[in-house]
Each structure stands twice: as C-alpha cells, then as structure tokens.
Amino acid sequence: MLDNINFLLIREIVSSVLIIIGVVFMTISTIGLLRFPDFYIRMSAITKGATLGLGLILTGMGIYFNEPDMFLKVMLIIGFTFLTSPVAAHVIGRTAVRNKIPFWERTNLEEFKDYLHKEHSAHRDHERDNKQV
Amino acid sequence: MSLFSFTLIFAMASLSLCLVMTGIRFAIGPTLPDRITAFDLFVANIIGMVAIYTEFTGNEDFIDVGIILSLFGFLGSISFAYYLMKSTR
C-alpha cells in the first residue's frame with residue numbers, strides 16, 4: 001500500500017502551503033510597518049508577524065529537504081530568532097521611551113503614566129548626578 | 001512549470017515587494033528607532049529569501065548564510081539601541 005504513494009509530491013505540497021502562509025504573514029506585517037501611525041504599534045506588528053512568517057518559511061524548507069542535518073540547522077535558526085526577537089524589541093522600545101518618542105494621540109496612557117513619570121524623573125536625577133561628578 | 005516552482009517564484013516576488021516597502025519606511029521613518037526596526041525587518045526578509053533560494057537551487061550550503069545573518073541581525077539592532085541610549089545621556 002505504501003508503495004503507491006508519491007512522497008516527493010506530498011512533501012512539495014506541504015512545503016508549498018507552509019511557505020505561502022509564511023509569506024502572507026510577512027507581507028501583512030510589512031504593510032503594517034508602512035501604514036501604522038505610531039512607532040510602538042509598528043514595532044509590535046514587526047515583532048510578532050515577521051517572526052512567525054520566518055518560522056513558517058523555514059519549517060517548509062526543512063520539510064522539503066527531509067534530512068537530519070538540515071532539520072538541525074532549521075531548528076537552530078528558528079530557536080535563535082524566536083529567542084532574540086522579543087529581546088531586541090524590548091530593548092528598542094525601552095530606548096524609545098527613554099528618548100521620549102511621542103505616542104499616538106489615541107493611545108490610552110492612563111495606567112502607564114506613573115511609570116513614564118518615574119522613568120523620566122529618574123533619568124533627570126541620573127543626569128544631575130553625572131553633572132555633580 | 002509545476003505548482004511547486006510557481007510557489008517559489010511567487011514567494012520570491014512578494015518578499016522582494018516586502019523589501020521595497022521596508023526600504024520606503026527606512027527612508028521616510030521620522031525617528032531613529034523606526035529605522036532600527038526597519039533594519040530588523042530587512043534581516044528577517046533576507047533570511048526568508050535565502051531559505052527560498054536554497055529550495056530553488058537544492059544546494060544545502062546556502063542555509064549557513066541564514067544562521068550567520070540571524071546572529072548578526074540581533075547584534076546589529078542591540079548595538080544600535082545601546083548606542084542610542086548612550087548618546088542621548
């Protein structure tokens with residue numbers, strides 16, 4: 001029974017579907033980068049959409065090749081990207097809050113106001129300490 | 001032309017379109033963190049293009065480029081953010 005199945009065709013179909021889903025995710029997140037109104041909203045679109053799209057494209061490629069060392073390399077890239085993309089987004093977002101990049105005017109900042117005030121006043125204290133030294 | 005190679009060509013074309021749109025945001029981005037996130041998306045797009053090119057040619061050596069790019073993209077964005085935090089202080 002298993003002799004009648006064309007495994008290459010099955011791998012090609014699964015790989016095609018995964019690659020197309022990944023490319024659609026990447027295109028949507030790029031359109032979001034171009035059209036969203038605020039730096040923080042744009043960064044959120046990039047961090048989630050592009051990372052998921054990249055993981056789907058690489059999974060499709062690993063399924064097409066069907067070899068252990070290729071699978072290991074693909075898992076290395078996916079694990080590293082999924083680990084470092086949120087860290088990089090957090091660092092860049094914290095830098096943007098420190099540098100007073102403006103928010104969108106319709107963003108609800110009620111619960112965030114205390115943190116913003118504390119962060120900016122701590123920043124000022126730090127500057128004053130540096131001047132005294 | 002089979003359905004599989006048509007899929008690969010379609011994916012390559014739409015990723016190239018994504019690169020062009022990211023370049024537009026890189027050019028008109030009002031602040032420096034916008035440009036850093038656009039650079040992140042550049043690196044992710046190019047890793048995807050390397051993966052699809054590996055599937056085109058069937059040569060398995062090209063995927064090592066993806067590993068190195070994923071390392072250097074993280075280092076680039078982290079060092080840009082660190083430099084930005086240091087320079088405004």
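Residues numbered from 1 in each chain as written. Chains lettered and ligands numbered in written order. Predicted model: local features only at pLDDT ≥ 70, side-chain atom pairs only at ≥ 80, totals over all residues.

- Looking at an unreviewed UniProt entry, chain B carries the name Multisubunit sodium/proton antiporter MrpF subunit, with the source organism given as Pontibacter ramchanderi.
- As recorded by UniProt, the Subcellular location (unreviewed entry) comment attached to chain B reads in full: "Cell membrane".
- What UniProt states about chain B under its Sequence similarities (unreviewed entry) heading is, verbatim, "Belongs to the CPA3 antiporters (TC 2.A.63) subunit F family." (UniProt positions renumbered as here; feature names shortened; annotations may be inferred.)

- Going by an unreviewed UniProt entry, chain A carries the name Multisubunit sodium/proton antiporter MrpG subunit and comes from Pontibacter ramchanderi.

Points about the overall build of chain B
Next, step 1: The helix and strand tally for chain B stands at three helices and zero strands.
Next, step 2: Reading the secondary structure of chain B in the N-to-C direction produces α-α-α.
Next, step 3: A compact globule built from 89 residues should have a C-alpha radius of gyration of about 12 Å, whereas chain B, at 16 Å, is more than 25% larger.
Next, step 4: Each principal axis of the C-alpha distribution contributes one length, and for chain B these read about 55 × 25 × 10 Å. (Helix = DSSP H or I, 4+ residues; strand = E, 2+ residues; numbered from the N terminus. Rg over C-alpha atoms; globule rule 2.2 N^0.38 Å.)

Observations regarding the interface of chain A and chain B
Next, step 1: With 37 residues of chain A in contact, the opposing surface of chain B contributes 38 residues.
Next, step 2: Those elements that provide at least two residues to the side of chain A that touches chain B are helix 1 (7-35), helix 2 (39-65) and helix 3 (68-98) of chain A.
Next, step 3: Considering every element that reaches the side of chain A that touches chain B, the biggest residue donor is helix 3 of chain A, with 13 residues.
Next, step 4: Classifying every residue of the side of chain A that touches chain B by side-chain character gives 26 nonpolar, seven polar and four charged. (Contact = placed C-beta atoms within 7 Å. Nonpolar A, V, L, I, M, F, W, Y, C, P; charged D, E, K, R; others polar.)

Description of the environment of Asp38(A)
Residues and elements named next belong to chain A.
Next, step 1: Checked against the element boundaries, Asp38 lands in the loop between helix 1 and helix 2.
Next, step 2: Asp38 sits in the partly exposed class, given 15 other C-beta atoms within 10 Å.
Next, step 3: C-alpha separation for the pair Asp38 and Ile101, spaced 63 residues apart in sequence, amounts to 9.4 Å.
Next, step 4: In contact with Asp38, not counting residues within four places along its chain, are Phe103, Trp104 and Thr107. (Buried ≥ 20, exposed ≤ 12 C-beta atoms within 10 Å, placed from the backbone.)

A few points about the UniProt feature "transmembrane region" (unreviewed entry) in chain B
Residue and element names in this part refer to chain B.
Next, step 1: Here the UniProt feature "transmembrane region" (unreviewed entry) sits at residues 6-24, 36-53 and 65-85.
Next, step 2: With 100% helix and 0% strand, residues 36-53 has end C-alpha atoms that lie 26 Å from one another.
Next, step 3: Helix makes up 100% of residues 65-85 and strand makes up 0%, while its end C-alpha atoms are separated by 30 Å.

Quick notes on the confidence of the model for chain A
Low pLDDT means the predicted coordinates in that region are not meant to be read closely.
Next, step 1: In the predicted model, chain A carries a mean pLDDT of 86, and 89% of its residues have values of at least 70.
Next, step 2: Helix 1 of chain A holds the highest mean pLDDT among the elements of chain A, 93, whereas helix 4 (residues 113-132) of chain A holds the lowest, 63. (pLDDT = per-residue confidence, 0-100.)

Some points on the UniProt feature "transmembrane region" (unreviewed entry) in chain A
All names here are of chain A.
Next, step 1: Feature annotation in UniProt assigns "transmembrane region" (unreviewed entry) to the following positions: residues 13-34, 46-65 and 71-92.
Next, step 2: Note that residues 46-65 is 100% helix and 0% strand, and that its end C-alpha atoms are spaced 28 Å apart.
Next, step 3: Secondary structure across residues 71-92 divides into 100% helix and 0% strand, with the first and last C-alpha atoms of the span separated by 31 Å.

Concerning the environment of Arg11(A)
Residues and elements named next belong to chain A.
Next, step 1: Locating Arg11 in the fold gives a position in helix 1.
Next, step 2: A tally of 16 C-beta atoms within 10 Å means that Arg11 is categorised as partly exposed.
Next, step 3: In contact with Arg11, other than residues within four places in its own chain, are Ile63, Tyr64 and Asn66.

Digging into the nonpolar core
Next, step 1: In terms of nonpolar packing, the biggest core is built from 38 residues, with Ile57(A), Leu58(A), Ile92(A) and Ala51(B) touching the most fellow members.
Next, step 2: Only helix 1, helix 2 and helix 3 of chain A together with helix 1 (3-28), helix 2 (32-57) and helix 3 (63-87) of chain B provide two or more residues apiece to this core.
Next, step 3: For this core, the element with the most residues is helix 2 of chain A, which contributes eleven residues.
Next, step 4: When near neighbours in sequence (up to four residues on either side) are disregarded, Ile57(A) contacts Ile19(A), Gly22(A), Val23(A), Gly48(B) and Ala51(B). (Core = buried A, V, L, I, M, F, W, Y, C linked by C-beta atoms within 7 Å.)

Describing the packing of helix 1 of chain A against helix 2 of chain B
Next, step 1: The N-to-C vectors of helix 1 of chain A and helix 2 of chain B enclose an angle of 160°; their axes lie 12 Å apart at closest approach. Our classification of the angle between helix 1 of chain A and helix 2 of chain B gives roughly antiparallel. By crossing handedness, the relation of helix 1 of chain A to helix 2 of chain B is classed as left-handed. Along the contact surface, helix 1 of chain A presents Met26(A), Thr30(A) and Leu33(A), while helix 2 of chain B presents Ala38(B), Leu41(B), Asn45(B) and Gly48(B). (Axes fitted to C-alpha atoms, helices over the stretch in contact; angles between N-to-C directions. Parallel < 35°, antiparallel > 145°, perpendicular 65-115°, else oblique. Left-handed = near helix turned anticlockwise from the far one by under 90°.)

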